[in-house]
Amino acid sequence: MRIPLIALASAAACLALPAAAEVKPFPASFHTEEIATNGATLHVRVGGKGPAVVLLHGFGDSGDMWEPLAEVLVKDHTVIVPDLRGMGLSSHPDTGYDKKTEAQDIAAVMDHLKVTKAALVTHDIGNMVGYALAAQYPDRITRWAVIDAPLPGVGNWAAQLSNPKTWHFNFHGPDEERLVAGRERIFLDRFYNELSANPAGIDEATRVHYAELYARPHAMHDALEQFVNFTQDGIDNQAFLAKGKLTMPVLAIGGDHSYGANMATELNFVATNVSSGVITDSGHWIMEEQPAQVVAMVVPFIEAK
């Protein structure tokens with residue numbers, strides 16, 4: 001992979017970023033749009049000009065997590081940062097939390113913005129939406145950086161289901177929601193504390209910010225629906241894979257205290273051109289724990305020819 005000089009300059013600039021991130025507003029060059037999709041309305045941040053990059057968040061976050069990366073990419077890219085349906089400031093439809101449907105949301109956002117092709121950067125649940133997007137629209141995704149979560153129904157997913165730390169995959173229903181109601185901060189703290197390399201790396205302001213978002217009406221219910229749909233996601237992923245592996249370049253990134261190099265193993269099940277990256281001193285919350293490392297790794301990959 002040949003890394004252009006502009007990418008090297010961008011990576012050098014990333015050294016100025018702090019080791020751990022706080023939630024900051026996106027640069028003034030961004031604006032927000034409420035974009036109607038297939039039964040939802042997504043809150044989308046858009047900024048910059050040039051080759052498009054779509055950034056997809058996961059559970060415990062919103063599109064706000066991507067600010068350190070968006071701030072660098074916006075200098076020479078069109079950067080598109082949606083909140084997934086039912087999360088962040090997007091709408092809360094009753095259905096559509098299978099990742100195939102959510103990927104169609106993102107395709108509709110791209111259509112609205114007249115973006116025919118884009119690079120893709122994803123984390124956590126965003127990985128699952130990203131795979132469904134790349135599998136359904138392979139000609140529209142030029143390359144994919146996928147961060148620290150495997151894909152339902154493929155690879156070593158069965159081992160993921162038996163991991164004691166993933167008990168929350170089966171935590172849903174009216175009584176479970178009553179347990180969490182008014183305690184969203186406590187619930188999210190469990191994820192930040194247990195799945196990070198150093199819980200202090202996720203600061204108080206970040207925790208407050210996301211607890212407030214997930215305490216909004218319907219927000220926790222819809223977030224848990226992401227997990228409810230994993231069985232269907234697995235069925236859909238197996239159907240995608242039966243049509244062939246992805247052929248675009250894929251960069252599989254894991255935290256050294258989380259999936260690490262095993263991310264590349266997982267992505268090799270669904271893609272033919274996979275490279276590996278490991279973020280040091282990081283658990284699952286890589287953009288919060290080590291944003292500078294992520295930016296330095298992802299920007300050259302996005303800008304490679």
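Residues numbered from 1 in each chain as written. Predicted model: local features only at pLDDT ≥ 70, side-chain atom pairs only at ≥ 80, totals over all residues. Heavy atoms only, no water.

Some thoughts on the environment of Met 87
Okay, step 1: Inspection of the secondary structure assignment puts Met 87 in the loop between β4 (78-82) and α3 (99-112).
Okay, step 2: Spatially, the C-alpha atoms of Met 87 and Ser 62 are 6.7 Å apart, while their sequence positions differ by 25 residues.
Okay, step 3: Ignoring anything within four residues of it in the chain, the contact list for Met 87 reads His 57, Gly 58, Phe 59, His 92, Tyr 214 and Gln 226. (Helix = DSSP H or I, 4+ residues; strand = E, 2+ residues; numbered from the N terminus. Contact = heavy atoms within 4.5 Å.)

Some thoughts on the sheet that holds strand β2 (residues 41-47)
Okay, step 1: Ordered by their spatial adjacency, eight strands build an open sheet running β1-β2-β4-β3-β5-β6-β7-β8, and the pairing between neighbours is mixed. If you trace the sheet from one side to the other, it starts and ends with β1 (30-36) and β8 (274-279), each paired once. Neighbour-to-neighbour, the strand axes of this sheet turn through a mean angle of 20°, independent of strand direction.
Okay, step 2: Here β1 runs beside β2; their pairing, made up of seven bridges, is antiparallel. Of the residues in β2, the one forming a bridge with Ala 36 is Thr 41.
Okay, step 3: Running over the sheet, α3 touches β1, β2, β3 (52-56), β4 and β5 (118-123) and is turned about 50° from β2. (Pairing = 2+ DSSP bridges. Axes fitted to C-alpha atoms, helices over the stretch in contact; angles between N-to-C directions.)

Overview of the packing of aromatic side chains
Okay, step 1: In this structure the tally under the stated criterion is 16 aromatic pairs.
Okay, step 2: Look at Trp 157 and Phe 230: their rings are 5.4 Å apart centre to centre, the planes differ by 80°, and that puts the pair in the edge-to-face class. Remark: Phe 230 occurs in helix α10 (residues 230-242) and Trp 157 occurs in helix α5 (residues 157-161); sequence separation between them is 73 residues. Each of the two residues, Trp 157 as well as Phe 230, counts as buried.
Okay, step 3: Aromatic ring contacts, followed pair by pair, group Phe 59, Trp 157, Trp 167, Phe 169, Phe 171, Phe 187, Phe 191, Tyr 214, Phe 227 and Phe 230 into a single cluster.
Okay, step 4: Directly above the ring of Phe 26 sits Arg 45, whose terminal nitrogen or CZ lies 5.6 Å from the centroid. (Phe/Tyr/Trp six-rings, centres within 6.5 Å; stacked < 30°, edge-to-face > 60°. Buried < 20%, exposed > 50% of the residue type's maximum accessible area, 1.4 Å probe, protein only. Lys NZ or Arg CZ within 6 Å of the ring centre and 35° of its normal.)

Remarks on unusual backbone geometry
Okay, step 1: Phi angles above zero are rare outside glycine, and Asp 148 is one such case at about 55°.
Okay, step 2: Of note, His 218 is a non-glycine position whose phi angle comes to about 75°, a positive value.

Considerations on the pairing of β2
On a regular strand, one side chain projects to one face of the sheet and the next to the other, so that they alternate.
Okay, step 1: For β2, a buried count of six out of seven residues is recorded, marking the element as mostly surrounded by other parts of the structure.
Okay, step 2: Joining the antiparallel neighbours β1 and β2 is a turn of four residues, in which Gly 39 adopts a positive phi near 95°.
Okay, step 3: Here four bridges tie β2 to β4, and the two strands are oriented antiparallel to one another. Pairing of Val 44 across the sheet is with Pro 82, part of β4.

Considerations on the layout of surface pockets
Okay, step 1: For the largest pocket, the calculated volume is near 430 Å³.
Okay, step 2: If you trace the largest pocket, you find 26 residues lining it, with Gln 160, Leu 195, Ser 258, Tyr 259 and His 284 closest to the centre.
Okay, step 3: Among the elements of the structure, α4 (125-136), α5 and α7 (184-194) are those that each provide at least two residues to the lining of the largest pocket.
Okay, step 4: Split into classes, the residues belonging to the lining of the largest pocket amount to 14 nonpolar, eight polar and four charged. (1 Å grid on protein atoms, 1.4 Å probe; cavity = no way out; pocket = protein on both sides within 12 Å on 5 of 7 lines; lining within 4 Å. Points joined across faces, edges and corners; volume = space filled by probe spheres on them. Nonpolar A, V, L, I, M, F, W, Y, C, P; charged D, E, K, R; others polar.)

Considerations on the nonpolar core
Okay, step 1: Residues Leu 55, Phe 59, Trp 66, Leu 69, Val 121 and Tyr 214 are the most contacted members of the largest nonpolar core, which totals 90 residues.
Okay, step 2: Among the elements that make up this core, the one with the highest residue count is α4 (seven residues).
Okay, step 3: For Val 121, the residues in contact, after removing those within four places along its chain, are Val 53, Val 54, Leu 55, Leu 56, Trp 66, Leu 69, Ala 145, Ile 147, Val 298 and Ile 302. (Core = buried A, V, L, I, M, F, W, Y, C linked by side-chain atoms within 4.5 Å.)

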